[in-house]
Amino acid sequence: MTMKKLVLIKLLLLALISAQAQAVFKPTDKYKILFVNSPGILIDNKPAKVGNIFYGRQEVTWSKEKQAMQIINMETLDEYLMVKRTAQPEKKSIYKILTDQRGTYTHDGGDDGVSVYDRLENTFLDSYDLLVPIKIVFDMSSLQIDDKHYLLATYMYGDTKVSKPLKTEQDTIVIDKSLFLIDDENIDPRDITLSIDYVNDTHTVYIKDIKLNVIPEILP
């Protein structure tokens, strides 16, 4: 693949992410449910089920914290994860939920002459909801990644300090539940604060602390 094609692909990816961040959600938007983690989630007072199709004007009733629903816009094919963040029952239209959560989907790191480390800090949001792998678009051509150069995520699990390299895929940083795979054994995922550093063969550069809210796949 030529350099020109690679640059074009990068620009298209960044344009797609930027479009999601600036999306204007409307009551007439049509969606399909891809995943729900709780039978207690209602749309217009009926249980939300995988495969159901509905419109942005319809109302979701949440009954407990960390209820979640993954949906896809039938026209744009953009996917969104909606999460109940508080314990109080709540009823709100789909398009209002998406509008309120719009700032949680992505963050443009910008490229206004700042260092690659500053751009990394600006790219990471302050918090993420972890259900499916989180994919964060970043121009990795300006950041060396190999066995001696990598992004390191560190967190406390009880009294134990855990450090794991973050996965990268070309121009994407991936955060997933492999963070909770320790010595080939899975530990119970829980809400944590990740400290992100860039490690190279001479020193470590602190990037940012982010909160990771683990969303259960099944919630009664």
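In this report, the structure presented in the accompanying data block is examined.

About the criteria used
- Residues numbered from 1 in each chain as written.
- Predicted model: local features only at pLDDT ≥ 70, side-chain atom pairs only at ≥ 80, totals over all residues.
- Heavy atoms only, no water.
- Helix = DSSP H or I, 4+ residues; strand = E, 2+ residues; numbered from the N terminus.
- Buried < 20%, exposed > 50% of the residue type's maximum accessible area, 1.4 Å probe, protein only.
- Contact = heavy atoms within 4.5 Å.
- Areas by Shrake-Rupley, 256 points an atom, 1.4 Å probe, with all protein chains shown as cover.
- Phe/Tyr/Trp six-rings, centres within 6.5 Å; stacked < 30°, edge-to-face > 60°.
- Pairing = 2+ DSSP bridges.
- Axes fitted to C-alpha atoms, helices over the stretch in contact; angles between N-to-C directions.
- Core = buried A, V, L, I, M, F, W, Y, C linked by side-chain atoms within 4.5 Å.
- Arc of directions from axis to C-beta.

Here we look at the overall build of the chain
So, step 1. Looking only at helices and strands, the chain has three helices and 18 strands in total.
So, step 2. Taken across its 220 residues, the chain has 41% of its residues classed as buried.
So, step 3. Within the chain, contacts between residues separated by at least 24 positions form 57% of all contacts whose residues are at least 6 apart in sequence.
So, step 4. Roughly 12500 Å² of accessible area belongs to the chain as shown, and the carbon and sulfur atoms make up 53% of that amount.

A closer look at the packing of aromatic side chains
So, step 1. Under the criterion given, the structure shown has four aromatic pairs.
So, step 2. Seen in terms of ring centroids, Y117 and Y198 are 5.8 Å apart; in terms of plane orientation they differ by 40 degrees. Their pairing is tilted. You can see Y117 sitting in helix 3 (residues 116–123) and its partner Y198 sitting in strand 17 (residues 192–199), a full 81 residues away along the chain.
So, step 3. On the basis of relative accessible area, Y117 is assigned to the partly exposed category, the value being 27%.
So, step 4. Of the residues examined, Y198 reaches a relative accessible area of 3% and is grouped as buried.

Considerations on the sheet that holds strand 3 (residues 46–47)
So, step 1. With antiparallel pairing, four strands are arranged side by side in an open sheet as 3-2-5-8. On the outer flanks of this sheet lie strand 3 and strand 8 (90–93), each paired with one strand and no other.
So, step 2. In the packing of helix 2 (residues 94–101) onto the sheet, the strands contacted are strand 5 (59–62) and strand 8, and the crossing angle to strand 8 comes to about 90 degrees.

Side note on the pairing of strand 17
So, step 1. Here strand 17 lies mainly inside the structure; seven of its eight residues are buried.
So, step 2. For strand 11 (residues 150–157) and strand 17, the ladder comprises five bridges, and the chain directions are antiparallel. Within the sheet, the bridge partner assigned to Y150 lies in strand 17 and is V199.
So, step 3. Sheet topology places strand 17 next to strand 18 (residues 204–214); eight bridges connect them, and they run antiparallel.

Comments concerning the environment of L143
So, step 1. Position of L143 relative to the elements: it lies in the loop between strand 10 (134–137) and strand 11.
So, step 2. The class of L143 is buried, set by a relative accessible area of 5%.

Focus on the sheet that holds strand 12 (residues 160–165)
So, step 1. If you walk across this open sheet you meet the five strands as 9-18-17-11-12, and the pairing is mixed. What marks the edges here is a single partner per strand, and that holds for strand 9 (127–130) and strand 12. Taken pair by pair, the neighbouring strands of this sheet meet at an average axis angle of 30 degrees, ignoring direction.
So, step 2. Pairing of strand 9 with strand 18, which is carried by four bridges, proceeds in the parallel orientation.

Details of the side chain of D197
So, step 1. Within the secondary structure layout, D197 lies in strand 17.
So, step 2. Setting aside residues no more than four positions away along its own chain, D197 makes contact with Y150, L151, L152, T204, V205, Y206 and I207.

Comments concerning unusual backbone geometry
So, step 1. Backbone geometry places D44, a non-glycine residue, at a positive phi of 50 degrees.
So, step 2. Note on placement: D44 falls in the loop between strand 2 (42–43) and strand 3.
So, step 3. The residue N45 is not glycine, and still its phi comes out positive at about 70 degrees.

Thoughts on the nonpolar core
So, step 1. Counting 30 residues, the largest nonpolar core has F124, I173, I175, L179, L194, I196 and L212 as the members making the most contacts within it.
So, step 2. Listed by contribution, the elements that provide at least two residues to this core are helix 3, strand 9, strand 10, strand 11, strand 14 (172–175), strand 17 and strand 18.
So, step 3. With five residues, strand 18 is the single largest residue contributor to this core.
So, step 4. If sequence neighbours within four positions are ignored, L194 has contacts with A153, T154, Y155, I175, L179, K208, D209, I210 and L212.
So, step 5. Within the second largest apolar cluster, 17 residues are counted, among which are V36, W62, I71 and I94.

Regarding helix 3
So, step 1. Taken residue by residue, helix 3 has V116, R119, L120 and T123 as its buried positions. Along the axis of helix 3, the buried positions cluster into a sector of 105 degrees, meaning they face one direction only.
So, step 2. Residues of helix 3 that are buried make contact with strand 9, strand 10, strand 11, strand 14 and strand 18.

Read these as layout, nothing more, since geometry by itself doesn't imply function.
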